[in-house]
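Residues per chain, in single letters:
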Amino acid sequence: QVQLVESGGGLVQAGDSLRLSCAASGRTFRNYYMGWLRQRPGKEREFVAVITWSGGSTEYADSVKGRFTISRENANGTIYLQMNSLKPEDTAVYYCAAKNGPLWAYWGRGTQVTVSS
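Residues numbered from 1 in each chain as written. Predicted model: local features only at pLDDT ≥ 70, side-chain atom pairs only at ≥ 80, totals over all residues. Heavy atoms only, no water.

**Description of the pattern of salt bridges**
Then comes step 1: Per the counting criterion, the structure on display carries 5 salt bridges.
Then comes step 2: Among the salt bridges present, the one from Arg38 reaches Asp90, with a minimum N-O distance of 3.0 Å. Taken together, the residues Arg38 in strand E4 (residues 33-39) and Asp90 in the loop between strand E8 (78-83) and strand E9 (92-99) connect sequence positions 52 residues apart. Note on accessibility: Arg38 and Asp90 belong to one class, buried.
Then comes step 3: Measuring nitrogen to oxygen at the nearest pair gives 2.7 Å for the salt bridge that ties Arg40 to Glu46. We note that Arg40, like Glu46, is buried.
Then comes step 4: Several salt bridges converge on common partners, so that one network encompasses Arg38, Arg40, Glu46, Arg67 and Asp90. (Salt bridge = Lys/Arg side-chain N within 4 Å of Asp/Glu carboxyl O. Helix = DSSP H or I, 4+ residues; strand = E, 2+ residues; numbered from the N terminus. Buried < 20%, exposed > 50% of the residue type's maximum accessible area, 1.4 Å probe, protein only.)

**Re the packing of aromatic side chains**
Then comes step 1: Applying the stated criterion to the full structure yields 4 aromatic pairs.
Then comes step 2: Here Phe29 and Tyr106 contribute two aromatic rings whose centre-to-centre distance is 5.4 Å and whose plane-to-plane angle is 75°, an arrangement assigned as edge-to-face. Taken together, the residues Phe29 in the loop between strand E3 (18-25) and E4 and Tyr106 in strand E10 (residues 106-107) connect sequence positions 77 residues apart.
Then comes step 3: By relative accessible area, Phe29 is classed as buried at 4%.
Then comes step 4: Classification of Tyr106 as partly exposed rests on a relative accessible area of 26%.
Then comes step 5: For the ring pair Tyr32 and Tyr106, a centre distance of 6.4 Å and an interplane angle of 50° mean the geometry is tilted. Here Tyr32, found in the loop between E3 and E4, pairs with Tyr106, found in strand E10; they are 74 residues apart in sequence, far enough to count as distant.
Then comes step 6: Cluster of aromatic residues (ring-pair linked, three or more members): Phe29, Tyr32 and Tyr106.
Then comes step 7: Across the ring face of Tyr80, the terminal group of Arg19 is positioned such that the distance to the ring centre comes to 3.9 Å. (Phe/Tyr/Trp six-rings, centres within 6.5 Å; stacked < 30°, edge-to-face > 60°. Lys NZ or Arg CZ within 6 Å of the ring centre and 35° of its normal.)

**Here we look at unusual backbone geometry**
Then comes step 1: Positive phi, close to 70°, is recorded for Asn31, a residue that is not glycine.
Then comes step 2: Topologically, Asn31 is positioned in the loop between E3 and E4.
Then comes step 3: You will see that Ser85, though not glycine, has its phi angle at about 50°, which is positive.
Then comes step 4: Considering the arrangement of structural elements, one finds Ser85 in the loop between E8 and E9.

**Some details on the pairing of strand E7 (residues 68-73)**
Then comes step 1: Residues of E7 alternate between two faces, with Phe68, Ile70 and Arg72 buried on one and Thr69, Ser71 and Glu73 left unburied on the opposite face.
Then comes step 2: Counted along the chain from E7 to the antiparallel partner E8, the turn is 4 residues long, and its residue Gly77 has a positive phi close to 65°. (Pairing = 2+ DSSP bridges.)

**Brief notes about the sheet that holds strand E1 (residues 3-7)**
Then comes step 1: Reading across the sheet, the 4 strands line up as E1-E3-E8-E7 and stay open at both edges, with antiparallel pairing between neighbours. Of all the strands in the sheet, the pair left with one neighbour each is E1 and E7. Strand-to-strand twist across the sheet, computed as the mean angle between neighbouring axes with direction ignored, equals 15°.
Then comes step 2: Bridge analysis of E1 against E3 gives 5 bridges, and the strand direction is antiparallel. Its bridge partner being in E3, Gln3 is matched across the sheet by Ser25. (Axes fitted to C-alpha atoms, helices over the stretch in contact; angles between N-to-C directions.)

This is how it looks when you write it as structure tokens:
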């Protein structure tokens, strides 16, 4: 069974840091783009960050640029999202996802990140 399982979410204060992890199993996502998306309260699901298979190229949403860093370890099928200088506006369910085309084909179940003021 193909699975993406997120971990590392929690409750933190504004200005704190968190590191999210996503463990992939059931298949090797070779040549897939891996990324993070989130859904904030009352908002549509939005793009956060994406990384290529090689790890040589990354892109970020303007709202997180300069604060978040995406990385991957292909040997163990894990991707990460380092989140620094967290703001209350970052409160959301964060999803790990994978794609090899324009649409995200695989999704994790999500992990809650709550940032208090």
